[in-house]
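# Breakdown of the fold
Each chain, written out:
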Amino acid sequence: MKFELPPLPYDKSALEPYISARTLDFHYEKHHRGYLEKLRKEIGDTPKAELSLVEIIRSSDGSVFNNAAQVWNHTFYWQSMMPGGGGKATGDLLAAIERDFGSQGEFARQLAEAAIGEFGSGWAWLVMAGRGGKLKVIKSDDAENPLKTGDIPLLTVDVWEHAYYLDYQHERPKYVGAFINHLLNWDFAANNYKSAIGR
Ligand code: FE2
């Protein structure tokens, strides 16, 4: 296993007051790092140790898949947020959102519905349905992610309780609202969109 956890793209207090430094500290140092450590232990010196993280995700199931996917999902989630985020998509991505959802407001409504409606632990995603395909919102259970289905992820919201419980207790809708309105990193989504359409 050659990979390490990438550093968080901002200080642990940078997302306050919407996500506390305490939450980010636990989430990154205990949960995210914990998945990597379990993955390393499970893979050891097996042939999978030569694969990339995405290759491991695509070729595994059970516990190896769960830990590998959670490592990837969290790295993607940190980048899906930024201090001073929220607001509007721009340029090509905004045009695609208006084409496929009707409006950015309707996209936000669907993302909130998926994130709040996911039963138990999981993720809500904005994805492109294959290269050059339509944009859509999906949700996934536990560690599941779009990498096995051919959808191309553009951004994600972690809705495991560990993502918000210290700050919002059981009030997931408040956390999801803060994510969409104050944290969502549209630049990251726009860059993923550009890559997905091959520009
Ligand atoms: Fe998480």
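Here the structure is a predicted model, which is why all the values come from computation and not from measurement.

## What about the coordination of the iron ion?
Around the iron ion, the protein contributes the donor atoms His 27 (NE2), His 74 (NE2), Asp 158 (OD) and His 162 (NE2), at 1.9 to 2.1 Å from the metal centre. Taken together, the 4 donor atoms coordinating the iron ion span angles of 90 to 127° at the metal, a pattern that classifies the geometry as tetrahedral. Linear spacing of the donor residues for the iron ion on their chain is H-x46-H-x83-D-x3-H. Of this pair, His 74 sits in helix α3 (residues 62-79) while Asp 158 sits in strand β3 (residues 152-158); the two residues are 84 residues apart in sequence, bridging distant segments of the chain. Look at His 74 and you get buried, because its relative accessible area is 0%. The exposure class of Asp 158 is buried, given its relative accessible area of 0%.

## Observations regarding the packing of aromatic side chains
As enumerated under the stated definition, the model contains 14 aromatic pairs in all. With centroids separated by 6.1 Å and ring planes inclined at 35°, the aromatic side chains of Trp 123 and Trp 125 adopt a geometry described as tilted. Residue Trp 123 is classed as buried on the basis of its relative accessible area, which comes to 0%. With a relative accessible area of 0%, Trp 125 lands in the buried category. The interplanar angle of 20° and the centroid separation of 5.2 Å between the aromatic rings of Tyr 164 and Tyr 175 together place this pair among those described as stacked. Remark: Tyr 175 occurs in helix α7 (residues 172-183) and Tyr 164 occurs in the loop between β3 and α6 (165-168); sequence separation between them is 11 residues. Since its relative accessible area comes to 3%, Tyr 164 is described here as buried. One aromatic cluster is present, formed by Tyr 28, Trp 72, Phe 76, Tyr 77, Trp 78, Trp 123, Trp 125, Phe 179 and Phe 188 through successive ring pairs. One Lys or Arg, Lys 148, reaches over the ring of Phe 65 and ends 4.4 Å from the middle of that ring.

Cut-offs and rules
- Residues numbered from 1 in each chain as written.
- Predicted model: local features only at pLDDT ≥ 70, side-chain atom pairs only at ≥ 80, totals over all residues.
- Heavy atoms only, no water.
- Donors = N, O, S within 2.8 Å, 3.2 Å for Na, K, Ca; no water.
- Tetrahedral: all angles 85-135°; square planar, octahedral: opposite > 155°, others 65-115°.
- Helix = DSSP H or I, 4+ residues; strand = E, 2+ residues; numbered from the N terminus.
- Buried < 20%, exposed > 50% of the residue type's maximum accessible area, 1.4 Å probe, protein only.
- Phe/Tyr/Trp six-rings, centres within 6.5 Å; stacked < 30°, edge-to-face > 60°.
- Lys NZ or Arg CZ within 6 Å of the ring centre and 35° of its normal.

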